[in-house]
Amino acid sequence: MTRDNLLFAIIGILIGFIIGFLLANSILTREAAQRAAPLSAQPGQNLPADHPPVNGAQGGDGQQMLVQVQEAMKQAREHPDDFDAQVAAAKLEYQIQRFDQAIEYLLIANKLKPNDFNVLGMLGVANMDAGHFDAAEKWYRAALIKQPNDIPVLDGLCAVLLSKGDARAAEVEINKLAKIDPTNQDLPQFRNKLAELKTAKK
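So, here's what we can say about the structure. Note that this is a predicted model, so its numbers are computed, not measured. (Residues numbered from 1 in each chain as written. Predicted model: local features only at pLDDT ≥ 70, side-chain atom pairs only at ≥ 80, totals over all residues. Heavy atoms only, no water.)

**Observations concerning the pattern of salt bridges**
And step 1. In the structure shown here, the tally under the stated rule is 7 salt bridges.
And step 2. Linking K164 and D134 is a salt bridge whose minimum nitrogen-to-oxygen distance equals 2.9 Å. Of this pair, K164 sits in helix 7 (residues 151–164) while D134 sits in helix 6 (residues 133–146), placing them 30 residues apart in sequence.
And step 3. Among the ionic pairs, R141 bridges to E173, the shortest N-O distance being 3.2 Å. Of this pair, R141 sits in helix 6 while E173 sits in helix 8 (residues 167–180), and the two are 32 residues apart along the sequence.
And step 4. Exposure remark for E173: the relative accessible area of 4% places this residue in the buried category. (Salt bridge = Lys/Arg side-chain N within 4 Å of Asp/Glu carboxyl O. Helix = DSSP H or I, 4+ residues; strand = E, 2+ residues; numbered from the N terminus. Buried < 20%, exposed > 50% of the residue type's maximum accessible area, 1.4 Å probe, protein only.)

Laid out in structure tokens, this is it:
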């Protein structure tokens, strides 16, 4: 391989990584908002789930949010068998982008109610946001066992598989999404990324 060819190959790989990151971030924002935002009772939180909290930009409101998080954490720790307390703490941790901490509370909630669909979906979202793609896939698939045609979960699973570079599995799930929701706005991005993955493996 000549030096120029090697340079072009390196540039192509870098572009692929950048496109993949932008795709995952775009899907993550919308899918996480669909799954997590409705679970929040906080005012002013109708933003994409991965947007820095608006409250944090104002001293008083930011302090209030911190107090709420601390109180929720206290309740969850003092009442480890309280499902709602665990979920409430997880939601607040998620809002301030402490994804790993949110996952800890969600795992406790999952032990208390293993069949709760919303918790399974939130575990998929939080793990994806945290970059734990294998875990995110696991929880998304567990949620789909409960509700196979849930579009946000299936959408998230497609994004995770593409981020992992698993072209074969991603194609299967993308085809499922296309059958259930043929006008899904993420399908063009998914298909473009899938094509890139297939080309890279040739």
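**Examining the packing of aromatic side chains**
And step 1. For the coordinates displayed, the defined rule picks out 1 aromatic pair.
And step 2. In this arrangement the basic side chain of K113 is found over the ring face of F83, its NZ or CZ atom lying 4.4 Å from the centre. (Phe/Tyr/Trp six-rings, centres within 6.5 Å; stacked < 30°, edge-to-face > 60°. Lys NZ or Arg CZ within 6 Å of the ring centre and 35° of its normal.)

**Topic: the packing of helix 4 (residues 99–112) against helix 5 (residues 117–129)**
Helix packing geometry: the angle between the two helix axes and the distance between the axes.
And step 1. As a packed pair, helix 4 and helix 5 sit with axes 9 Å apart at the nearest point and diverge in direction by 160°. When the axis of helix 4 is compared with that of helix 5, the two are roughly antiparallel. In this structure, helix 4 crosses over helix 5, and the sense of that crossing is left-handed. Residues F99, I103, L106, L107, A109 and N110 of helix 4 lie in contact with helix 5, whose contacting residues are V119, L120, M122, L123, A126, N127 and D129.
And step 2. Looking at the contact of helix 4 with helix 5 residue by residue, the class counts come to 10 nonpolar, 2 polar and 1 charged. (Axes fitted to C-alpha atoms, helices over the stretch in contact; angles between N-to-C directions. Parallel < 35°, antiparallel > 145°, perpendicular 65-115°, else oblique. Left-handed = near helix turned anticlockwise from the far one by under 90°. Contact = heavy atoms within 4.5 Å. Nonpolar A, V, L, I, M, F, W, Y, C, P; charged D, E, K, R; others polar.)

By themselves, these observations are geometric and do not establish any function.
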